[in-house]
Amino acid sequence: MKKLESYINGKWTSGSGDGIIMHDAVTGEVIGESTTKGLDIPEVLQYGRTKGGEVIRKMTFQQRGNMLKKLALYLTKRKEEFYELSYRSGATRVDSWIDIEGGFGNLFANASLRKLFPNQSYHVEGDPIDLSKGGRFMAHHILVPKKGVAVHINAFNFPIWGMLEKCAVNWMAGMPAVVLPAPQTAYLTEAVVRVIIDSGILPEGSLQLLSGMTKTILDTVESQDVVTFTGSAHTGRLLKSHPRLIEESVPFTMEADSLNASILAKDAIPGTPEFNLFIKEVRKEMTVKSGQKCTAIRRIIVPSELVEDVQIALGQQLDKVTIGDPRLKEVRMGALASKQQVESFKNNVTQIAKTAQIVYGDLDRIETIGADAQKGAFVSPILLREDQPFKNNGVHEIEAFGPVSTIMPYDTLDDAITLSQMGKGSLVSSIFTYDDNIARDYIVGAASHHGRILVGNRENAKQSTGHGSPLPLLTHGGPGRAGGGEEMGGMRGIKHYMQRCAIQGTPTTLTEVTGIYQANAAYKESKNHPFSYHWEDIEPGMSIKTHKRTVTDTDIISFANLTWDHFYAHTDITSLEGSIFEKRTAHGYFILAAAAGLFVYPNKGPVAANYGLEECRFLRPIYHNDTVYVRLTCKQKVDRDVASAEHPSGIVKWFVEVFDAEDELVAIATILTMVQKKQTTLVEMTEAKIEECLYKLTADTKPEWGIMTAQHMIEHLEYTYKIASGEHQDFEIATPEKILDKVRNSLYNYEPFPKNTDFPLLKKGVLEELKHADLETAITKLNEAREEYKTYFKENPEAKLKNIVFGELNKYEWYLLERKHLNHHFSQFGILPKL
């Protein structure tokens, strides 16, 4: 029998002895077995802490985020192989989409959070705190990656999403992970981990997999580790009380199945959009993943007068749910994960039915399409009705993990709130209403018992992600029965895997520690104007002091006329009596504009654009005839992604201090500029460089990749120059219109063309017939074609000409293409000089 393998200590290995048998949920066929017997679990954890942790902790947030993005793209290209395997868990295509592409989406979402973090391995949190009157002793908070391993113990219902929604967060924080999936569906987790490991994208040791149950995984966790658990509340409580967790004070996050409630408000009567949305949402949450969702709607709380309407409408919707082989397009609901899960489901429904009435479905009868109901783990959707929900607690305490939900009545909104809270804590609740007052009252009253609340109505119906969809940027968790934990939640989730530390010192010291200039820190006088430096060469604290300017009456009046800002303090000096102003006062925004005039570098340089203003404070008035000067200091650098038609750049935050002639601070601001990065990957193709490269080329020069000869390469370049001069334009653009802008914009980045890049006008794998007698002649023709290209754009500087790959290009874009293209082929033949 096939055994699943674990990926530990840098290799794939199998446990020993008999393991837990895994079955195809649809056919009952044996898939294999999983076991961790004989594996050294403490060694696995230590390997993660050292081998994996040492590398990922040193990576910056930008590097970690780009790593996640690369991994997400890599997995997305291979998603179809996971769908086929996912069907064996009983999941339909829609069910699998949530698990597979939802999991990859978590990687994308968390990767995007890199933009909110500094370009370093640790994070600076919040604002600085002044601990002294003179501003020479201060504090700040930083967060550094914990030097442990994240241990993820996951449930069976989302074998891919459950792993990646946790790992994406700990990887962004700089922490390695050990994943322990539930044995019923561990084969799907293993398949994804194999692809991840094969990709080579993650640092070795940052992901390990234990395929099989182990009761000792918590025995050697340490204080720097983090443990997360997803599963039943009962199992979670047992793990949470493990002595080792208590002894080492190990952070433990529990996300347990809960009795989530959805409320139909009194205004949402039959015939309203909200009533229809409510019925649709309940039916969806009952049947998607065959109800095996920790966020599924288990309790349907409706106005007493609408119980019958809801019961009938839900029954009609459930009649449309076809059950069977999830591979079939006509099937809307697949199977539970295992036969054992079927028995557990039936037992729990039977317990609820001791006081509630089954009004739809049958525990013993099931009709299936394309599958044997007896061999597979199939059940019918079950709808119950509990008429006395305040008296009978079974519906608030027993969860049947499958396609089941219970209708219960309420009379007042306070009753509905109370019923929702009787579940003793849930991951999510929802209310369907078009009355915002009802929505507000429910949220304020019920929020203490729910991790998330959705308000559904006609206005958000098309955009809403629904009751049961946790989102990476929102907290996922809940109080009480739901586990008391919080997962994901954007930056908050990442911080869970980091240690917060309060740091104290002088502003100068903390500037160096945080990478953010702190007010009153020592300036680093810049030799040249800071705006003349590229992004990489600017550092926090880099500063200049400007020359002075005297503000005149004419300045103030002119600014008032220009802006139409005729506030009395600027234009009517007869009205100053009783005000805080003594004389004609300069506009605050004039002071800011004048400050810019003092510190802006006029020459063209790396500063590409003004990016905005973060803060601005006017500390005292500036009157006519007052003199001011500016101290401009780099406060912080923030990396950014560039996808449009612009060169790679980062954001620099500049701290602007405006002083008067007596050196008194009168205004402060933080302005942002977009600053270009250095181009350090491509050789500038000057006349001299091109001549140098061609001089090295001989007919015998062999390519490092591809099948071109030296002369073929030169003739190819000649042809592309003829396209660039307009001589050849009789072709269609090969790149699809929907991605053409993205492809054209790639000319602006500094990344070389990939090796073996195809040219659409050449037959793949086939060498064209040579046109010229020899290489020397070909080089002469190449130079002539290049001169024609230069002449064309000198005479037609505003022209645009087609390129088969990049579409219509202007003069500058042709220059960018030429630089990349020559670098590509000169590198191919080993004649490109070093930068």
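Residues numbered from 1 in each chain as written. Predicted model: local features only at pLDDT ≥ 70, side-chain atom pairs only at ≥ 80, totals over all residues. Heavy atoms only, no water.

1. Some thoughts on the overall build of the protein chain
Per the secondary structure count, the protein chain includes 24 helices and 30 strands. C-alpha extents for the protein chain along the principal axes are approximately 95 × 85 × 60 Å. The contacts in the protein chain between residues at least 6 apart in sequence include a share of 74% that link residues at least 24 apart. For the protein chain, the exposed surface amounts to about 37200 Å²; the carbon and sulfur share of it is 52%. Side-chain charges in the protein chain split into 94 positive and 105 negative, and the spacing between the mean points of these groups amounts to 3 Å. (Helix = DSSP H or I, 4+ residues; strand = E, 2+ residues; numbered from the N terminus. Contact = heavy atoms within 4.5 Å. Areas by Shrake-Rupley, 256 points an atom, 1.4 Å probe, with all protein chains shown as cover. Lys, Arg positive; Asp, Glu negative; His and termini not counted. Charge placed at Lys NZ, Arg CZ, Asp CG, Glu CD.)

2. A few points about the packing of helix α4 (residues 93-112) against helix α5 (residues 161-173)
Running from N to C, α4 and α5 point in directions that differ by 10°, and their axes come no closer than 8 Å. Looking at the two axes, α4 sits roughly parallel to α5. Counting all contacts with α4, which are made through I98, D99, G102, G103, F104, N106, L107 and N110, the residues of α5 involved are W161, G162, L164, E165, A168, V169, W171 and M172. Its residues placed into classes, the contact of α4 with α5 shows 9 nonpolar, 5 polar and 2 charged. (Axes fitted to C-alpha atoms, helices over the stretch in contact; angles between N-to-C directions. Parallel < 35°, antiparallel > 145°, perpendicular 65-115°, else oblique. Nonpolar A, V, L, I, M, F, W, Y, C, P; charged D, E, K, R; others polar.)

3. Overview of the nonpolar core
Core analysis: the biggest nonpolar cluster contains 50 residues, and L75, F82, L107, W171 and I494 have the highest contact counts within it. Those elements that provide at least two residues to this core are α2 (61-76), α3 (79-86), α4, α5, β8 (177-180), α6 (186-199) and β9 (207-209). In this structure, L107 is in contact with L68, L71, A72, L75, L164, A168 and W171, ignoring residues within four places of it in sequence. In terms of nonpolar packing, the next biggest core, distinct from the first, is built from 39 residues, F275, I297, A313 and M333 among them. (Core = buried A, V, L, I, M, F, W, Y, C linked by side-chain atoms within 4.5 Å. Buried < 20%, exposed > 50% of the residue type's maximum accessible area, 1.4 Å probe, protein only.)

4. Remarks on the sheet that holds strand β6 (residues 138-145)
Within the open sheet, the 3 strands sit side by side as β5-β6-β21. Their pairing is antiparallel. Each of the sheet's edge strands pairs with one partner strand only, and the pair in question is β5 (123-130) and β21 (498-505). Across the sheet, the axes of successive neighbouring strands diverge by a mean angle of 20°, strand direction being ignored. As paired strands, β5 and β6 are joined by 5 bridges and run antiparallel to one another. The residue of β6 that forms the bridge with D130 is M138. (Pairing = 2+ DSSP bridges.)

5. A closer look at the pattern of salt bridges
Applying the stated rule across the entire model yields 48 salt bridges. Residues R631 and E525 are paired through a salt bridge, measuring 2.9 Å at the closest nitrogen-oxygen approach. Residue R631 is found in strand β26 (residues 627-639), and its partner E525 is found in strand β22 (residues 524-525); the two are separated by 106 residues along the sequence. Overall, the relative accessible area of 52% leaves E525 in the exposed class. (Salt bridge = Lys/Arg side-chain N within 4 Å of Asp/Glu carboxyl O.)

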